[in-house]
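So the chains spell out like this:
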Amino acid sequence: MNSRPYTLLVVDDSQSTLPRLARALGPEDFALRLTAYGPEVSRLAREVSLVVLCPGEDPAGMLALLDKLAPPDGSQGTPVLVLAPQEPRSTWLAALNRDAEVMFDPWEPDELVARVRRCLSRQARLEALASQVGELQRLSSTDGLTGVHNHRHFQERLREEFRRAQRYDDALSLILLDLDHFKDVNDRYGHSAGDGVLREVAAALQRGVRETDLVARYGGEEFAVLLPRTHLAGALTVAERVRRELRALRLGSDSTLTVTASLGLSSFPHRTVLSPEQLLLTADEALYRAKHEGRDRICLHTQVPPFPPPSSTGG
């Protein structure tokens, strides 16, 4: 089955089952570890390929352990094989309902080997399926060119983080970034070079933020950086670091291609930012001003004064 033996954890207070299991399974494919019922079983179960439970004289304890072995997040845990007597029937039915494999004791060695192999094979298929699902989820949220998150995933996270910030009265900042004169890069160096620039810019953005921050390709040559638990001052520090790092990049085959970026920044809480859409709109307005005022700069969402300024009419 495997180039190395699978490790099986045998949980048995009486230790009477272990010799029979050792004779039936042999050392070629299976290595056996023995433990009694106790709090350490949950930890040991994460280190093995299969758990073999021997109910003994306390079926209720076995069922309680089965509940503990089930991952709380609903993911696939270590498979369990229960060696149960046919009576009482309620014991092995309860084990089946907890997604355990059940085999009646006394058992035949060849049937035991077949059941163990089936448990391991099913677990391998489930793990492969979970890996494929995880990869599909990653691809569905990732921009294929740059490797950062895509527009759809950014919109989802923006709504989630805004709800969290509102609920816990926390800060949330957003940077929108647009590369300056990017069309000239494509026209002069070609779209392949332009794609390379976008990849390098995305990598630089990821280097410039924390793991808890989110970098996304918002569209074309525009990127978004979502900064949870970050006030305006902290976001401004990040934006300036990003602007300087992009300006310092030397790109292209001969390292002569340079880029600059314009950045718009908005944050919550703010009296004019009451929704994720408004956070995005105000950052976009700030980005437009950065472009209009000369590019390669950072503009902040306009701070609207709480009261109108006093009249300057003379007396």
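Keep in mind the model is a prediction, meaning the values are calculated, not measured.

## Quick notes on the pattern of salt bridges
- Counted according to the given criterion, the structure contains 23 salt bridges.
- The salt bridge partner of Glu47 is Arg33, with a shortest N-O separation of 3.3 Å. In this pair, Glu47 sits in the loop between α2 (40-45) and β3 (50-53) while Arg33 sits in strand β2 (residues 30-35), placing the two residues 14 residues apart along the sequence.
- Judged by relative accessible area, which is 32%, Arg33 ranks as partly exposed.
- The closest approach of N and O atoms between Arg229 and Asp170, which form a salt bridge, is 3.3 Å. Highlighted residues: Arg229 in the loop between β8 (222-228) and α9 (232-248) and Asp170 in the loop between α6 (151-167) and β6 (172-179), separated in sequence by 59 residues.
- Each of Glu101, Glu111, Arg115, Arg118 and Arg122 takes part in one network of salt bridges that share partners.

## Digging into the packing of helix α3 (residues 59-69) against helix α4 (residues 89-97)
- One can describe the packing of α3 onto α4 by two numbers: an axis separation of 10 Å at closest approach and a directional angle of 5°. Taken as axis vectors, α3 and α4 run roughly parallel relative to one another. Mapping the contact onto sequence places Pro59, Met62, Leu63 and Leu66 in α3 and Thr91, Ala94 and Ala95 in α4.

## Brief notes about the environment of Leu232
- Tracing the sequence through the fold places Leu232 in helix α9.
- When the C-alpha atoms of Leu232 and Ala171 are compared, they prove to be 8.4 Å apart, with 61 residues separating the residues in sequence.

## Observations regarding the sheet that holds β2
- If you trace the five strands from one edge of the open sheet to the other, you get β2-β1-β3-β4-β5, paired in parallel fashion. With partners counted over all chains shown, the strands left at the sheet margins are β2 and β5 (101-104), one partner each. On average, each strand axis in the sheet is inclined to that of its neighbour by 25°, with strand direction left out of account.
- Pairing geometry for strand β4 (residues 80-84) and β5, over four bridges, is parallel. By the bridge assignment for β5, Val82 is matched with Val102.
- Helix-sheet contacts for α4 involve β4 and β5, and the interaxial angle to β5 is about 155°.

## Some details on the sheet that holds strand β9 (residues 261-268)
- Read from one edge of the open sheet, five strands run β7-β8-β6-β9-β10, paired in mixed fashion. Among the strands making up the open sheet, the edge pair consists of β7 (214-219) and β10 (298-300). Strand after strand, the sheet turns through a mean of 20° between neighbouring axes, direction not considered.
- In the sheet, β9 pairs with β10 via three bridges, with the strands oriented parallel. Within β10, the position partnered with Gly264 by the bridge is Cys299.

## As for the nonpolar core
- The biggest cluster of nonpolar side chains holds 29 residues, and the ones touching the most others in it are Leu177 and Val197.
- Of all the secondary structure elements, the ones that give two or more residues to this core are β6, α7 (182-189), α8 (191-207), β8, α9 and β9.
- Top contributing element to this core by residue count: α8, with six residues.
- Those residues within four positions of Leu177 in sequence are excluded, and the remaining contacts are Leu205, Glu221, Glu222, Phe223, Val242, Leu246, Ala261, Ser262 and Leu263.
- Of all hydrophobic cores here, the second largest spans 21 residues; its members include Leu9, Leu53, Leu66 and Ala100.

## Observations regarding the confidence of the model for the chain
- Per-chain confidence: the chain averages 86 in pLDDT, with 92% of residues scoring 70 or above.
- Across the chain, element-level confidence peaks in β8 with a mean pLDDT of 97 and bottoms out in helix α5 (residues 109-140) with 82.

## Things to note about the side chain of Arg164
- In this fold, Arg164 is placed in helix α6.
- Since its relative accessible area comes to 19%, Arg164 is described here as buried.
- Apart from residues lying up to four places away in sequence, Arg164 is in contact with Asp170, Ala171, Pro228 and Arg229.

The rules behind the values
Residues numbered from 1 in each chain as written. Predicted model: local features only at pLDDT ≥ 70, side-chain atom pairs only at ≥ 80, totals over all residues. Heavy atoms only, no water. Salt bridge = Lys/Arg side-chain N within 4 Å of Asp/Glu carboxyl O. Helix = DSSP H or I, 4+ residues; strand = E, 2+ residues; numbered from the N terminus. Buried < 20%, exposed > 50% of the residue type's maximum accessible area, 1.4 Å probe, protein only. Axes fitted to C-alpha atoms, helices over the stretch in contact; angles between N-to-C directions. Parallel < 35°, antiparallel > 145°, perpendicular 65-115°, else oblique. Contact = heavy atoms within 4.5 Å. Pairing = 2+ DSSP bridges. Core = buried A, V, L, I, M, F, W, Y, C linked by side-chain atoms within 4.5 Å. pLDDT = per-residue confidence, 0-100.

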